[in-house]
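Examination of the molecular architecture
In case you want the letters, here they are:
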Amino acid sequence: MMNSMTRIAAILGLTATPLLAETMVEDTDSSGSYSMEELTVSYPELTEALFMEMDADASGEVSPEELTAAVDAGLIEE
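Presented here is a report on the structure given in the accompanying data block. (Residues numbered from 1 in each chain as written. Predicted model: local features only at pLDDT ≥ 70, side-chain atom pairs only at ≥ 80, totals over all residues. Heavy atoms only, no water.)

**Considering the overall build of the protein**
Counted only if it meets this: Helix and strand assignments come from DSSP, with helices taken as H or I runs of at least 4 residues and strands as E runs of at least 2, each series counted from the N terminus. Only protein chains enter the accessibility calculation, which uses a 1.4 Å probe; a residue is then buried when its area is under 20% of its type maximum, exposed when over 50%, and partly exposed in between. Contacts: residue pairs with any heavy atoms within 4.5 Å of one another. All accessibility values rest on the Shrake-Rupley procedure with a 1.4 Å probe; residue burial counts only the protein chains present in the view.
Counting its secondary structure elements, the protein contains four helices and zero strands. When its helices and strands are written in sequence order, the protein yields α-α-α-α. Among the 78 residues that make up the protein, the fraction classed as buried is 26%. Within the protein, contacts between residues separated by at least 24 positions form 34% of all contacts whose residues are at least 6 apart in sequence. When the accessible surface of the protein is split by element, carbon and sulfur atoms take 61% of a total near 5600 Å².

Here it is, written out as structure tokens:
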């Protein structure tokens, strides 16, 4: 029983680690997505051209999913 619990704890620990490493972006206006201004606090190197590339649906803001896709694609580094 203890061996199973140790394995579960190890698996949960390994899967949670990437989440802890993510850069935190604050959604200051609680819109559910990120403006250029909100993103530049965490990513000061962000350019308007890169922001537009990240904004796949051209909504004028970057959704959490678009941000994750940009990080996964290597457009920005955490």
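**Description of the nonpolar core**
Note the cut-off: We call a set of buried Ala, Val, Leu, Ile, Met, Phe, Trp, Tyr and Cys residues a nonpolar core when their side-chain atoms join them within 4.5 Å.
Ranked by internal contacts, the top residues of the largest apolar core, which has 13 residues, are L39, Y43, L46, M54, L67 and I76. Listed by contribution, the elements that provide at least two residues to this core are α3 (48-54) and α4 (64-72).

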